[in-house]
Amino acid sequence: MARTLLQEIAHQIFYTPKKHKHSNNRKPRDRDYEKVMYKLKQAAFENKKSFEIAQLRAKSRGWI
């Protein structure tokens, strides 16, 4: 699936790569929580940037 430019930028900012499992790691990572937080941050970033782009377009057309 292809990403839009905003999705790719958000992915580059908020993506956390998978870490190797260590034997001394007592608490396992909660992958579901990380996945939800990643998607939430990405969506918030995309919404903010989309709003800023729309605002700049409106301003350039003299609507604001």
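Parameters at a glance
Residues numbered from 1 in each chain as written. Predicted model: local features only at pLDDT ≥ 70, side-chain atom pairs only at ≥ 80, totals over all residues. Heavy atoms only, no water. Helix = DSSP H or I, 4+ residues; strand = E, 2+ residues; numbered from the N terminus. Buried < 20%, exposed > 50% of the residue type's maximum accessible area, 1.4 Å probe, protein only. Areas by Shrake-Rupley, 256 points an atom, 1.4 Å probe, with all protein chains shown as cover. Expected span 1.5 Å × (residues − 1). Contact = heavy atoms within 4.5 Å. Arc of directions from axis to C-beta. Patch = residues over 30% accessible without salt bridge, like charges linked within 9 Å, V, L, I, M, F, W, Y side chains within 5 Å. Salt bridge = Lys/Arg side-chain N within 4 Å of Asp/Glu carboxyl O. Axes fitted to C-alpha atoms, helices over the stretch in contact; angles between N-to-C directions. Parallel < 35°, antiparallel > 145°, perpendicular 65-115°, else oblique. Left-handed = near helix turned anticlockwise from the far one by under 90°. Nonpolar A, V, L, I, M, F, W, Y, C, P; charged D, E, K, R; others polar.

(A) Quick peek at the overall build of the protein. The secondary structure content of the protein amounts to two helices and zero strands. Across the 64 residues that make up the protein, the buried fraction comes to 12%. Taken as a whole, the protein presents about 6300 Å² of accessible surface, with 57% of it coming from carbon and sulfur.

(B) Quick peek at helix α2 (residues 31–60). Its 30 residues place the ends of α2 43 Å apart at the C-alpha level, agreeing with the 44 Å of an ideal helix rising 1.5 Å per residue. A positive backbone phi angle near 80° is found at Gly62, which sits one or two residues after α2.

(C) Local environment of the side chain of Glu46. Summarising the element assignment, Glu46 is placed in helix α2. In this structure Glu46 touches Leu6, Gln7 and Ala10, once residues within four positions along its chain are discounted.

(D) The arrangement of helix α1 (residues 5–14) in detail. Buried within α1 we find Leu6, Ala10 and His11. Taken around the axis of α1, the buried residues stretch over an arc of 135°, which confines them to a single face. With respect to the buried face of α1, the exposed residues turned more than 90 degrees away are Leu5 and Gln12. The inward-facing, buried residues of α1 abut α2.

(E) Up close: the side chain of His11. With respect to the element layout, His11 can be found in helix α1. Take His11: its relative accessible area is 14%, and that puts it in the buried class. Once residues within four sequence positions are removed from consideration, His11 is found in contact with Arg3, Tyr38 and Gln42.

(F) Looking closely at a nonpolar patch on the surface. Taken together, the side chains of Leu5, Ile9 and Ile13 define a hydrophobic patch exposed on the protein surface, amounting to about 300 Å² of accessible area. Among the structural elements, Ile9 can be located in helix α1.

(G) Representation of the packing of α1 against α2 within the structure. The geometry of α1 relative to α2 is characterised by a closest axis approach of 9 Å and an angle of 135° between their N-to-C directions. Classed by the angle they form, the pair α1 and α2 counts as oblique. Read as a crossing pair, α1 and α2 show a hand that is right-handed. In this structure, α1 uses Leu6, Gln7, Ile9, Ala10, His11, Ile13 and Phe14 to contact α2, whose residues at the interface are Tyr38, Lys41, Gln42, Phe45, Glu46, Lys49, Ser50 and Ile53. Across the contact of α1 with α2, the residue classes tally to eight nonpolar, four polar and three charged.

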